[in-house]
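Each chain is listed here by its residues.
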Number of protein chains: 4
Amino acid sequence: MSNPDDCRAKLVVANRILAHENVMDAYGHVSMRHPDQPDRFIMSCSRSPELVTLDDLMEFDLDCNPVAPDDRRLYGERPIHGAIYKARPDVQAIVHNHSHDVLPYTVSRNLALRPMIHSAACIGHELPVWDIRSRFGDTNLLVLTMDHGRDLAQRLGSNAVVLMRGHGCTVVADTIEQVVMRTIYLTVNAKLQLATLPYGDITFLSEREIELSSELHFSSVSMSRAWEYWARRSGM
Amino acid sequence: MSNPDDCRAKLVVANRILAHENVMDAYGHVSMRHPDQPDRFIMSCSRSPELVTLDDLMEFDLDCNPVAPDDRRLYGERPIHGAIYKARPDVQAIVHNHSHDVLPYTVSRNLALRPMIHSAACIGHELPVWDIRSRFGDTNLLVLTMDHGRDLAQRLGSNAVVLMRGHGCTVVADTIEQVVMRTIYLTVNAKLQLATLPYGDITFLSEREIELSSELHFSSVSMSRAWEYWARRSGM
Amino acid sequence: MSNPDDCRAKLVVANRILAHENVMDAYGHVSMRHPDQPDRFIMSCSRSPELVTLDDLMEFDLDCNPVAPDDRRLYGERPIHGAIYKARPDVQAIVHNHSHDVLPYTVSRNLALRPMIHSAACIGHELPVWDIRSRFGDTNLLVLTMDHGRDLAQRLGSNAVVLMRGHGCTVVADTIEQVVMRTIYLTVNAKLQLATLPYGDITFLSEREIELSSELHFSSVSMSRAWEYWARRSGM
Amino acid sequence: MSNPDDCRAKLVVANRILAHENVMDAYGHVSMRHPDQPDRFIMSCSRSPELVTLDDLMEFDLDCNPVAPDDRRLYGERPIHGAIYKARPDVQAIVHNHSHDVLPYTVSRNLALRPMIHSAACIGHELPVWDIRSRFGDTNLLVLTMDHGRDLAQRLGSNAVVLMRGHGCTVVADTIEQVVMRTIYLTVNAKLQLATLPYGDITFLSEREIELSSELHFSSVSMSRAWEYWARRSGM
């Protein structure tokens, strides 16, 4: 991710892919850490992912203030991104969404999302659920302050995904491509696990299978095939 | 909603959006109260929402008679609209539909629709079910007379949504944009609740969360992002 | 249905609609009784409904022989049509399909399809299941002989729909438009009933509601709105 | 399958069909045995099936080495194909995919896929499940070596389909058209069986019905209708 222009273009494609694959609807957002200035991140102004263009991208500091403020409206939930980039220096890209397939796992205490298929191994072994109510009581459920963001980042811990009660989920990764793949297969696994659970006696991936399958799935040959496919389908 | 022409254009877009998002099929209708004459409402002649154009819009008095009758066919269920605009001076826009995701909740007495996700908070805390049979016995289930309409409006009460047994639902709101959002997320919540119910132990939104999330969701920044997205997808 | 050319054009549209609404895939067929010669019926040569054009239409006698044989391949299951047109002089149009939503009801003896929503009232009160194995033992399940066809027609009796075990269903009606509507809402009701059944305590339509709702749904104002919508969506 | 050029063109169409019918996403592959040289098979370089063109096709020996190596990336799971072509001289075409509808049957020991509808008879009476862990312990689940491939081929035995735990399935057939049909209806049956299982008391196809229905479904009149339909839908 050396050329900032390439990165920006890729961020636009990521928005389009996630919208086209029905992982995001009118809401949700994708960000990347600035490739040269790790204390900044890049994200669209307030616009649905399906419609994001290069011109919509803006830079923010890690307190979520725009570096060059103008009169455009901003996503209210910027603290999801700022707080996680602060807490997790390893993270380079973040997706927040309200994926329909994932939402049931955020509201029923009897459901626990776990990787069941090799292509979803990259969601990791543990997917904590964050309930904003635990610390902040009744709210509109959105992550609107850095306090909310820090609490969310703490629940995320060193994992790749954090589920958010009655709201959605947040996914982090080392690259834009990886965060897109992780987000898409999180959704696939969520859907398939819900279809299988009623029958019971399920073989989930072992911890070592998760590790080995993730590595394979994030490899260059696997990733470039999927990215070419998703990008073309999204019309980019 | 000051300029009547703008409002009419918006009403056409609302028809297209609800058809494109699969909330309405061949049937269903959207109306708005006349912006200058509160004792009138505007609605299409008998035409599927996906095909409605500006030329199809007609004005009706609150007894559902066309202000300027011509030879066009009319929706038979105009009394849904007339009766609610009479009973609820606060209501400015109404959607009636047969959304597939909502229908199960209208026929099983063991299902009760409740907001489970923040984006559906706007459907409100209570969603009464109206059964035309309770007062009118065996009918074709349609709301074809002002008597039917008044009974439906009474069951709706001060709520935002009324479910109709074996038929569909009716959604009301303060603006066209709000009635579209409420209708779409009603469908989303209905689908997700049905997927989650078998697992039990669900955290629904609290009353205060419903209030706070509704407010946020209907705010200008949230609404304009969604409306731009839905309108573009519908080809408008 | 006086002008034979108009009827033929409508039959093509019916093929396209049923394919576009996902009621038929590569297989299935629609036929109409000849408007002037009641001892003939019109149907496509062997071609998937989505691809049928005017040139594909052929005439058959009620023993299913082509009136003007040529070298085109024919649907193997013509006896469904011939045998029903013989047994039911009232029937003017027939659809046979393998609708996914309907298939579960053909194989589980614990499932009984019944109209639950007003728009599906037209499927009628009783939907018998025909199992070719009962009389013919092990076969390839297709209705390939007039003997098979007569047995199916007998099970259909005076109803509007007959389910076929492990195979699909056959729907009959007084007009092409009606057979299309009945087929589409059969699918909708089947899907919704399966979604609702796990929750129990369902209010199905009463016999009188079925009668009154059917009448309304098949009325000119209701039918013309739906036909315009379906035809346009199918690209016709 | 005499003309090698025709076969290659058909293989491209098969890729597009399986992608368009949602049986394959970014991953999965289709191969054919070389029509003139039975010790070779033809398959795309590493590319998503939806994007495969004639230029992507390459030849491999049965140890999965490219006959004319160049710098293109290859599918890692070539051993699925090489090992099965070695073990099963009758097999002329192979599909490997991660079909969502099939995956539940690979992970729950309480689910057994069986043909329930006549159009899926061709999946056969027995569908073994292969778990790579049984012999190879923790892996990334992929079939990356000839050892893996031989083990998979052994589990497939003389059947038409082998399910792969937490991974997907592999389907074999006598022709490209047949492997496409078998793969598509495997998915349909899997989806419908999952929808029906909760209700119990299911009539599955008998062994003789499976035999007779398969024969009919693979007949020229049935196959050509379906192939024309799928090819046109896929844009080919």
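Quantities reported herein were computed from a predicted structural model and do not represent experimental measurements.

A.B. asks: Help me out: how do you make sense of the overall build of chain A in this one?
C.D. replies: Tallying secondary structure elements over chain A gives eight helices and seven strands in all. Its C-alpha atoms give chain A a radius of gyration of 17 Å, near enough to 18 Å, the size a compact globule of 236 residues would have. C-alpha extents for chain A along the principal axes are approximately 55 × 45 × 30 Å. The contacts in chain A between residues at least 6 apart in sequence include a share of 68% that link residues at least 24 apart. Just so you have it, chain A exposes about 8,200 Å², and 46% of that area is on carbon and sulfur atoms. Each charge class in chain A can be summarised by its mean position, and for the 24 positive and 30 negative side chains these summaries are 3 Å apart.

A.B. asks: Whenever I open this one, the relation of the copies chain D and chain A confuses me. Can you help?
C.D. replies: Each of the two copies of the chain can be brought onto the other by a rotation about an axis and a shift along it. Expressed as a screw operation, the relation of chain D to chain A combines 0.0 Å of axial shift with a rotation of 90°, fitting to an RMSD of 0.0 Å. Expressed as a symmetry operation, the mapping of one chain copy onto the other fits a four-fold axis. Rotation axis and chain D: the residue whose C-alpha lies nearest the axis is Pro-198 of chain D, separated from it by 6.2 Å.

A.B. asks: Whenever I open this one, the interface of chain A and chain B confuses me. Can you help?
C.D. replies: A common way to state how big an interface is: give the accessible area lost once the parts meet. Contacts between chain A and chain B engage 35 residues on the former and 35 residues on the latter. Taking both partners together, chain A and chain B bury about 3,200 Å²; carbon and sulfur atoms supply 54% of that area. Ranking the residues of chain A by area buried against chain B places Tyr-27, Leu-51 and Val-107 of chain A at the top, with a combined share of 20%. For Arg-165 of chain A, the salt bridge goes to Glu-209 of chain B, with nearest N and O atoms at 2.7 Å. Seen at the junction of chain A and chain B, the total is 21 residue pairs in polar contact (both at pLDDT 80 or more). Broken down by element, the residue count for the side of chain A that touches chain B peaks at three residues, all from helix α3 (residues 103-107) of chain A. Residue classes in the side of chain A that touches chain B are distributed as 15 nonpolar, twelve polar and eight charged.

A.B. asks: Looking at this structure, how should I read the pattern of salt bridges?
C.D. replies: For side chains bearing opposite charge, pairing can occur when the charged atoms are close. What the rule picks out here adds up to 76 salt bridges over all chains. Note that Arg-109 of chain D and Asp-201 of chain A form a salt bridge whose closest N and O atoms lie 2.6 Å from each other. Placement of Arg-109 of chain D in the loop between α3 (103-107) and β5 (129-130) and of Asp-201 of chain A in the loop between α6 (176-196) and α7 (207-217) is noted, with the two residues assigned to different chains. Of the residues examined, Asp-201 of chain A reaches a relative accessible area of 39% and is grouped as partly exposed. For Glu-228 of chain D, the salt bridge identified is with Arg-232 of chain D, shortest N-O distance 3.7 Å. Highlighted residues: Glu-228 of chain D and Arg-232 of chain D, both in helix α8 (residues 220-233), separated by four residues, approximately one helical turn. Residue classification places Glu-228 of chain D among the partly exposed positions, given a relative accessible area of 23%. The structure contains a network of salt bridges with shared partners spanning Asp-131, Arg-133, Asp-138 and Arg-165 of chain A together with Glu-209 of chain B.

A.B. asks: What should I look at first to understand the packing of helix α1 (residues 4-20) of chain B against helix α8 (residues 220-233) of chain B in this one?
C.D. replies: Angle between the axes and distance between the axes: these two values describe a pair of packed helices. All names here are of chain B. It is at 8 Å that the axes of α1 and α8 come closest, and there the two elements cross at 75°. Classed by the angle they form, the pair α1 and α8 counts as roughly perpendicular. Contacts between α1 and α8 pair Lys-10, Val-13, Ala-14, Ile-17 and His-20 from the former with Trp-227, Trp-230, Ala-231 and Arg-233 from the latter. Class assignment for the residues of the contact of α1 with α8 results in six nonpolar, one polar and two charged.

A.B. asks: Please explain the packing of aromatic side chains as it appears in this structure.
C.D. replies: The way to describe two aromatic rings as a pair is by their centre distance and the angle between their planes. Here the structure, examined in full by the defined rule, presents twelve aromatic pairs over all chains. For the pair Tyr-185 of chain B and Trp-230 of chain B, a centre-to-centre distance of 6.3 Å together with 55° between the ring planes defines the contact as tilted. Here the residue Tyr-185 of chain B occupies a position in helix α6 (residues 176-196), and Trp-230 of chain B occupies one in helix α8, the gap between them amounting to 45 residues. We note that Tyr-185 of chain B, like Trp-230 of chain B, is buried. Taken together, the ring pairs in this structure connect Phe-41, Phe-60 and Tyr-85 of chain A into an aromatic cluster. The residue whose ring lies beneath Arg-114 of chain A is Phe-204 of chain A, and the NZ or CZ to ring-centre distance is 4.2 Å.

A.B. asks: Which parts of the structure should I look at to understand the sheet that holds strand β7 (residues 168-173) of chain D?
C.D. replies: Picture the strands of a sheet paired through backbone hydrogen bonds; they go either parallel or antiparallel. Residues and elements named next belong to chain D. Read from one edge of the open sheet, seven strands run β3-β2-β1-β4-β7-β6-β5, paired in mixed fashion. Pairing within the sheet leaves two strands with one partner each, and these edge strands are β3 (57-61) and β5. Sheet topology note: the strand β2 (residues 40-44)/β3 ladder contains five bridges and is antiparallel. Bridge pairing links Ile-42 to Glu-59 in β3.

A.B. asks: Teacher, can you tell me more about the interface of chain D and chain A here?
C.D. replies: Taken together, the contact pairs 35 residues of chain D with 35 residues of chain A. Between chain D and chain A lies a buried interface of about 3,200 Å² when both sides are counted; carbon and sulfur atoms form 54% of it. When residues of chain D are sorted by the area they lose upon contact with chain A, Tyr-27, Leu-51 and Val-107 of chain D head the list and together hold 20% of the total. Our count for the chain D to chain A interface comes out at five salt bridges. Two residues, Arg-133 of chain D and Glu-209 of chain A, come together in a salt bridge whose shortest N-O distance is 2.8 Å. At the boundary of chain D with chain A, the tally comes to 21 residue pairs in polar contact (both at pLDDT 80 or more). Top contributing element to the side of chain D that touches chain A by residue count: α3 of chain D, with three residues. Taken together, the residues that form the side of chain D that touches chain A break down as 15 nonpolar, twelve polar and eight charged.

A.B. asks: Please explain the pairing of strand β1 (residues 29-33) of chain A as it appears in this structure.
C.D. replies: Two faces make up the sheet, and in a regular strand the side chains alternate between them. All names here are of chain A. Across the five residues of β1, five count as buried, placing the element largely inside the fold. As judged from the four bridges shared by β1 and strand β4 (residues 93-97), these two strands associate in the antiparallel manner. By the bridge assignment, Val-30 is partnered in β4 with Val-95. If you look at the hairpin formed by β1 and strand β2 (residues 40-44), you'll find six residues sitting between the two strands.

A.B. asks: Would you explain α7 of chain A in this entry?
C.D. replies: Since the α-helix turns once every 3.6 residues, residues separated by three or four places project in the same direction. Taken as a whole, α7 of chain A has its buried residues at Glu-209, Ile-210, Ser-213, Ser-214 and His-217 of chain A. End-on, the buried residues of α7 of chain A take up no more than an arc of 125°, which puts them together on one face. Away from its buried face, by an angle of more than 90 degrees, α7 of chain A presents the exposed residues Glu-207 and Glu-215 of chain A. Residues of α7 of chain A that are buried in the fold lie against α6 and α8 (220-233) of chain A together with α4 (132-136) of chain D.

A.B. asks: I would appreciate a short explanation of the sheet that holds strand β6 (residues 161-164) of chain C in the present structure.
C.D. replies: Residue and element names in this part refer to chain C. The seven strands are arranged β3-β2-β1-β4-β7-β6-β5 in an open sheet whose pairing can be described as mixed. With partners counted over all chains shown, the strands left at the sheet margins are β3 (57-61) and β5 (129-130), one partner each. Note that strand β4 (residues 93-97) and strand β7 (residues 168-173) share five bridges and pair antiparallel. Among the inter-strand pairings, Ala-93 is bridged to a residue of β7, identified as Ala-173. The sheet strands contacting helix α1 (residues 4-20) are β1 (29-33), β2 (40-44), β3 and β4, and the helix crosses β1 at an angle near 155°. Across the sheet, helix α6 (residues 176-196) is in contact with β1, β4, β6 and β7; its angle to β7 comes to roughly 145°.

A.B. asks: Before we go on, may I ask you to explain unusual backbone geometry in this structure?
C.D. replies: The phi torsion of most residues other than glycine is negative, and most of the peptide bonds are trans. Phi at Cys-64 of chain A is positive, roughly 75°, even though this residue is not glycine. One non-glycine residue, Leu-141 of chain D, adopts positive backbone phi at about 75°. Looking at the secondary structure, you find Leu-141 of chain D in the loop between α4 and α5 (146-156). A relative accessible area of 1% means that Leu-141 of chain D is categorised as buried.

Conventions we followed
Residues numbered from 1 in each chain as written. Chains lettered and ligands numbered in written order. Predicted model: local features only at pLDDT ≥ 70, side-chain atom pairs only at ≥ 80, totals over all residues. Heavy atoms only, no water. Helix = DSSP H or I, 4+ residues; strand = E, 2+ residues; numbered from the N terminus. Rg over C-alpha atoms; globule rule 2.2 N^0.38 Å. Contact = heavy atoms within 4.5 Å. Areas by Shrake-Rupley, 256 points an atom, 1.4 Å probe, with all protein chains shown as cover. Lys, Arg positive; Asp, Glu negative; His and termini not counted. Charge placed at Lys NZ, Arg CZ, Asp CG, Glu CD. Least-squares fit on C-alpha atoms with pLDDT ≥ 70 in both. Buried area = accessible area lost by both parts, 1.4 Å probe. Salt bridge = Lys/Arg side-chain N within 4 Å of Asp/Glu carboxyl O. Polar contact = N/O pair within 3.5 Å; in protein donor to acceptor, adjacent residues only side chain to side chain. Nonpolar A, V, L, I, M, F, W, Y, C, P; charged D, E, K, R; others polar. Buried < 20%, exposed > 50% of the residue type's maximum accessible area, 1.4 Å probe, protein only. Axes fitted to C-alpha atoms, helices over the stretch in contact; angles between N-to-C directions. Parallel < 35°, antiparallel > 145°, perpendicular 65-115°, else oblique. Phe/Tyr/Trp six-rings, centres within 6.5 Å; stacked < 30°, edge-to-face > 60°. Lys NZ or Arg CZ within 6 Å of the ring centre and 35° of its normal. Pairing = 2+ DSSP bridges. Arc of directions from axis to C-beta.

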